Amino acid sequence: KNEVEQSPQNLTAQEGEFITINCSYSVGISALHWLQQHPGGGIVSLFMLSSGKKKHGRLIATINIQEKHSSLHITASHPRDSAVYICAVPSYFGNEKLTFGTGTRLTIIP
Amino acid sequence: EAGVAQSPRYKIIEKRQSVAFWCNPISGHATLYWYQQILGQGPKLLIQFQNNGVVDDSQLPKDRFSAERLKGVDSTLKIQPAKLEDSAVYLCASSGPGGYGYTFGSGTRLTVV
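Treat the numbers as computed from the prediction; the structure is a model and nothing was measured. Numbering of residues begins from 1 in every chain and follows the order in which that chain's sequence is written. Going through the entries in the order they are written, you letter the chains from A and number the ligands from 1. The predicted nature of this model means local features are confined to residues of pLDDT at least 70 and side-chain atom pairs, given and counted, to a pLDDT of 80 or more, with totals for whole chains, interfaces and linings taken over all residues. As a rule here, side-chain values come from all non-hydrogen atoms in the structure, and water together with hydrogens is ignored.

A. Fine view of the state of the cysteines. Sulfur atoms of two cysteines make up a disulfide when they are within 2.5 Å. Across all of its chains, the model carries two disulfides over all chains by this definition. Sulfur-sulfur distance for the disulfide between Cys23 of chain A and Cys87 of chain A comes to 1.9 Å. In this structure the cystine formed by Cys23 of chain A and Cys87 of chain A twists about its S-S bond by roughly -55°; its chirality is therefore left-handed. Of this pair, Cys23 of chain A sits in strand S3 (residues 19-25) while Cys87 of chain A sits in strand S9 (residues 83-90), and the two are 64 residues apart along the sequence. Throughout this description, buried means an accessible area under 20% of the type-specific maximum (1.4 Å probe, protein chains only), exposed means over 50%, and partly exposed covers the range between. Owing to a relative accessible area of 0%, Cys87 of chain A belongs among the buried residues under this scheme. Disulfide partner of Cys23 of chain B: Cys92 of chain B, at an S-S distance of 1.9 Å. Judged by the sign of its S-S torsion, about -70°, the bond between Cys23 of chain B and Cys92 of chain B is left-handed. Taken together, the residues span a long stretch of sequence, with Cys23 of chain B in strand S3 (residues 19-24) and Cys92 of chain B in strand S9 (residues 88-95) at a distance of 69 residues. What counts as a helix is a DSSP run of H or I of at least four residues, what counts as a strand is a run of E of at least two, and both are numbered from the N terminus.

B. Quick peek at the packing of aromatic side chains. Centre distance within 6.5 Å is the pairing criterion for rings of Phe, Tyr and Trp, where only the six-membered ring of Trp is used; planes under 30 degrees apart are then read as stacked, over 60 as edge-to-face, and the remainder as tilted. Taken as a whole and assessed by the stated rule, the structure comprises eight aromatic pairs over all chains. Taking the centre distance of 5.2 Å and the plane angle of 90° together, the rings of Phe100 of chain A and Tyr35 of chain B count as edge-to-face. Highlighted residues: Phe100 of chain A in strand S10 (residues 98-100) and Tyr35 of chain B in strand S4 (residues 31-37), drawn from two different chains. The class for Phe100 of chain A is buried, based on a relative accessible area of 12%. Residue Tyr35 of chain B is classed as buried on the basis of its relative accessible area of 0%. Chaining the aromatic ring pairs together yields one cluster made of Phe100 of chain A together with Tyr33, Tyr35, Tyr102 and Phe104 of chain B.

Nothing here speaks to function; it is geometry throughout.
So, in structure tokens, the structure goes:
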């Protein structure tokens, strides 16, 4: 079964800073998900990626399949980016059931 | 494109009462998931459907939880009777083949008092 580790657990930064959140997993996967959850809110899927890099607005996600590692970057961070960011991978290769990381709580201070 | 619809958004019930949640997945998504997320923890899969068949319900407390997806489209999750420890956000998600387009609903926040 896949194990997922995220770091850091908590991150506080000033508005405008470049943010990096890391995710490592133990078993080869078909795709990795980055999710965002605001306090009291549902989960929004940010990225699903299986190789290379994806960009959406100020968000960039990268993945290194060989190293079993992914990063989520936020450029020019803004207080509205404050949320919990969760990395999720299939529990077993080729399986759609997800195993979730514990999440990174990001707080952006104006 | 419409997302995954869930209702109600919030629910407060007393312990030992029953409650039901509804989910309508993205059109064409064959796979539907119900997750339970207890405060401060990551989501835990309760049940996974492929069309109207159950793929995985290994973590569903079957003595009190039940779920169905009769026509392979929308789904209901029921808890009867509820316990205090069932207080959580219940998330529904759906996906296409190979997990393509994995999308979560906004969730139902259940408080059992």
